[in-house]
2 protein chains.
Amino acid sequence: MDASLAPELLALDWGTSSLRAFLMQEARVVASRHSGHGIQHLPAPGRAGFEQAFAGIAGDWLQQWPQLPIVASGMVGSAQGWREAPYVRCPADIRALAAQSVSIASGLGPDVLIAPGVLLDEPGRLPDVMRGEEIQIAGALLHDPSSAARSCIVLPGTHSKWVQIEHGEIVRFATYLTGELFAVLGKHSILGRLMPESSETQDEVNANANAEAFELGLASARASKPGDFAQQIFATRTLGLTGRLPPAALADFLSGLLIGHELVSGLAGIDETARVPLIMIGDPALCQRYAQSLRSFGKSADAVLDNTAPVGLWNLAQAAGLLK
Amino acid sequence: MDASLAPELLALDWGTSSLRAFLMQEARVVASRHSGHGIQHLPAPGRAGFEQAFAGIAGDWLQQWPQLPIVASGMVGSAQGWREAPYVRCPADIRALAAQSVSIASGLGPDVLIAPGVLLDEPGRLPDVMRGEEIQIAGALLHDPSSAARSCIVLPGTHSKWVQIEHGEIVRFATYLTGELFAVLGKHSILGRLMPESSETQDEVNANANAEAFELGLASARASKPGDFAQQIFATRTLGLTGRLPPAALADFLSGLLIGHELVSGLAGIDETARVPLIMIGDPALCQRYAQSLRSFGKSADAVLDNTAPVGLWNLAQAAGLLK
């Protein structure tokens, strides 16, 4: 450990399948660690599992800096988490998140402050929830305060989020099961039957076929009418049966179709006339796929950000008054 | 066996998971049998498996009536079947199906005539296929020749079909993976997590909650815009998380949402001005669920038919010149 470090915050991004810990100083990460102890993969059941996972990833840091404030976000605050931090209703900003965070004794050093998720629950509409993304958003808004005035933040993934920001608040959002549908349909439905077991070697011919299949999926989604989804996905099979696509390109068609449907619906939720900036946060390879898809739709992202959770946790700690 | 029988046809409805055999006389079923020997559950691999399954279900019938013509439809004619009967292109009527049927020696009595499936493959559109439904349709059209002039035939199920008929021909159709999506999402996605393992006892309160959840799914689908599918299904989880629906009603919401999406898209494919009759074929309980859904959409089915495959196979045998 670098003896010159004077960290001000220990930040935990604690999800279902992994745990990330960040030592932070002046809103920047100075050291980070990763473990597989997501809340569904703890070393022991119940509270002891959380304490052991926490001691394992950050015990020596707390020995060295025993007064370090600690904040956490993600599924660690769910009903299955260390302690439940109930959802905050929209509209919600970082002050609301900080005010409704909950504390839990960590067994080491100070308590851990756990961020709540956000709930959209308006009469006459289907409800929606997020947990973890609100902190990534808080990071993006600290990174670029101008986007806090008004923006649409897209977080592609297993459960993609499209989040409308106004005056620093999450005012509404929509979750799309795009990534989960891709995984489940490819693995458990008839649509995966013609797909090759392992991905074949990508030569140039394959790469072209795959790119064309992806574009065909995007174009099909763009041409879709309401209710067409369950019909269009069947083409993942029929394009293979008829030989119009090679087996190795069928997954790309399905991917394009799913991302395309998400874009059609997500873009329709943005006020066109207001020229709202579109900001993407997430895994760089996935963001690149989404950015390419946006270009096919004649749109573009104004910014693409990688992991903003640590900065978001810094923002939370600041709003909670934990930083000097 | 009734000695007064003088059957004219042995008809086989041979799908993926089951085999049904019908002795027919004057276009009516006079005896029927069922076995679990669908093409993916044969008693032996390859051709021998088909021969053994066939001999098992109909061997004694052919001993008694060795000259009986034999016809078959369903997955038995697929690439994984007894012998492949390649798809016939739209537009296709019963004469085209008969002309492009293929024969295979059964090992007992006459050859088996296997019906082809139907392919919709037009430039600039996603392709679609059916195999088995074309014979059910041929049965419906023989049953009610007036509907052959023009009708929309809906076959709800794992892979629902919406089929446009003009002048006795299948002119175009669309497959919806409604039933498969319901099964796969309930079993393998996050949407099934809050659903109870086993269906609870249906008391009156539950029945009301389930009916309301189903209607909420239908109404949500009806209000959907393009691309909304992957977002709306997430409500199967959030309606449970927020307590707006009891766990036992979540599957009903998902069912209503999926059937509703199918109706929105399927009904849009029917020429409204032409007052085309809508005919439903399938499992009575499922047809009832669809009929109820149609009523919620202000529509109704003009006829609901149960298993029309035997009559369709009779129609095929007649068109193939196998009947006296």
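Residues numbered from 1 in each chain as written. Chains lettered and ligands numbered in written order. Predicted model: local features only at pLDDT ≥ 70, side-chain atom pairs only at ≥ 80, totals over all residues.

### Notes on the overall build of chain A
Helix and strand counts for chain A stand at eleven helices and 14 strands. The globule rule puts the C-alpha radius of gyration for 324 residues at 20 Å, and the 21 Å found for chain A is close to it. Taken over 324 residues, chain A has a buried fraction of 48%. Of all intrachain contacts in chain A linking residues separated by at least 6 positions in sequence, the fraction that spans at least 24 positions is 65%. (Helix = DSSP H or I, 4+ residues; strand = E, 2+ residues; numbered from the N terminus. Rg over C-alpha atoms; globule rule 2.2 N^0.38 Å. Buried ≥ 20, exposed ≤ 12 C-beta atoms within 10 Å, placed from the backbone. Contact = placed C-beta atoms within 7 Å.)

### Side note on the relation of the copies chain A and chain B
Here chain A sits on chain B after a turn of 180 degrees about the axis and a move of 0.0 Å along it, with an RMSD of 0.0 Å. Such a combination of rotation and displacement between the chain copies is what one expects of a two-fold axis. Proximity to the rotation axis, assessed at the C-alpha, singles out Pro226 of chain A in chain A; its C-alpha lies 2.2 Å from the axis. In this assembly, 100% of the residues forming the interface of chain A have copies in chain B that are likewise at the interface, indicating an isologous arrangement. (Least-squares fit on C-alpha atoms with pLDDT ≥ 70 in both.)

### Digging into the domain arrangement of chain A
Often the size quoted for an interface is simply the accessible area lost on bringing the parts together. When its domains are assigned, chain A resolves into domain 1 (9-131) and domain 2 (178-305). The C-alpha-based centres of domain 1 of chain A and domain 2 of chain A are spaced at 33 Å. (Domains from an automatic or database assignment.)

### Topic: the sheet that holds strand 14 (residues 303-305) of chain A
Residue and element names in this part refer to chain A. Reading across the sheet, the five strands line up as 12-11-10-13-14 and stay open at both edges, with mixed pairing between neighbours. With one partner strand each, in any of the chains shown, strand 12 (169-176) and strand 14 form the two edges of the open sheet. The sheet shows a mean angle of 20 degrees between the axes of neighbouring strands, taken without regard to direction. Pairing analysis gives seven bridges linking strand 11 (residues 160-166) to strand 12, with the strands arranged antiparallel. Within strand 12, the residue paired with Val163 across the bridge is Phe173. Packed on one face of the sheet, helix 10 (residues 284-296) meets strand 10 (150-155), strand 13 (278-281) and strand 14 and runs near 150 degrees to strand 13. (Pairing = 2+ DSSP bridges. Axes fitted to C-alpha atoms, helices over the stretch in contact; angles between N-to-C directions.)

### With respect to the packing of helix 9 (residues 250-268) of chain A against helix 10 of chain A
All names here are of chain A. At a minimum axis distance of 10 Å, the contact between helix 9 and helix 10 shows a crossing angle of 65 degrees. Relative to helix 10, the crossing made by helix 9 is right-handed. Between helix 9, through Ile259, Gly260 and Leu263, and helix 10, the contact on the second element is made entirely by Arg289, Tyr290, Ser293 and Leu294. Looking at side-chain class alone, the contact of helix 9 with helix 10 contains four nonpolar, two polar and one charged residues. (Left-handed = near helix turned anticlockwise from the far one by under 90°. Nonpolar A, V, L, I, M, F, W, Y, C, P; charged D, E, K, R; others polar.)

### Quick notes on the interface of chain A and chain B
Taken together, the contacts link 41 residues of chain A with 42 residues of chain B. Element by element, the count of residues in the side of chain A that touches chain B is highest for helix 9 of chain A, at six residues. A class-by-class count of the residues in the side of chain A that touches chain B yields 21 nonpolar, 13 polar and seven charged.

### Notes on the sheet that holds strand 1 (residues 9-14) of chain B
Residue and element names in this part refer to chain B. Strand order in the open sheet formed by six strands is 3-2-1-4-7-6, with mixed pairing between adjacent strands. Two strands lie at the open edges of the sheet, namely strand 3 (28-35) and strand 6 (102-104), each paired on one side alone. For this sheet the average axis-to-axis angle between neighbouring strands, irrespective of direction, equals 25 degrees. Pairing geometry for strand 1 and strand 2 (residues 19-25), over six bridges, is antiparallel.

### With respect to helix 5 (residues 178-188) of chain B
All buried positions along helix 5 of chain B are accounted for by Thr178, Glu180, Leu181, Val184 and Leu185 of chain B. Projected down its long axis, helix 5 of chain B shows its buried positions confined to an angular sector of 155 degrees, all on one face. (Arc of directions from axis to C-beta.)

### Let's talk about the pairing of strand 11 (residues 160-166) of chain B
Residue and element names in this part refer to chain B. Counting buried positions over the seven residues of strand 11 gives six, a clear majority of the element. One ladder, built from six bridges, connects strand 10 (residues 150-155) with strand 11; its direction is antiparallel. Bridge pairing links Ser151 to Ile165 in strand 11. Between the antiparallel neighbours strand 10 and strand 11 lie four residues.

### Side note on helix 1 (residues 46-64) of chain B
Relative to the 27 Å expected for 19 residues at 1.5 Å per residue, helix 1 of chain B spans 27 Å between its end C-alpha atoms, a close match to the ideal helical length. Of all the bends in helix 1 of chain B, the greatest, near 65 degrees, is centred on Ala58 of chain B. (Expected span 1.5 Å × (residues − 1). Bend = angle between axes of the 7 residues up to and from the residue.)

### Observations regarding the confidence of the model for chain A
Across chain A, the average pLDDT comes to 94, with 97% of residues at or above 70. Note on the complex model: pTM 0.95, ipTM 0.95. (pLDDT = per-residue confidence, 0-100.)

### Describing unusual backbone geometry
Of note, the amide linkage connecting Cys90 of chain A to Pro91 of chain A takes the cis form, showing an omega dihedral of -5 degrees. Along the chain, Pro91 of chain A falls in the loop between strand 5 (88-89) and helix 2 (94-99). For Ala27 of chain A, which is not glycine, the phi dihedral falls at a positive 65 degrees. With respect to the helices and strands, the residue Ala27 of chain A is situated in the loop between strand 2 (19-25) and strand 3 (28-35). Residue class for Ala27 of chain A comes out partly exposed when judged on the 17 C-beta atoms lying within 10 Å of it. Of note in the backbone geometry, Glu26 of chain B takes a positive phi value of approximately 50 degrees without being a glycine.

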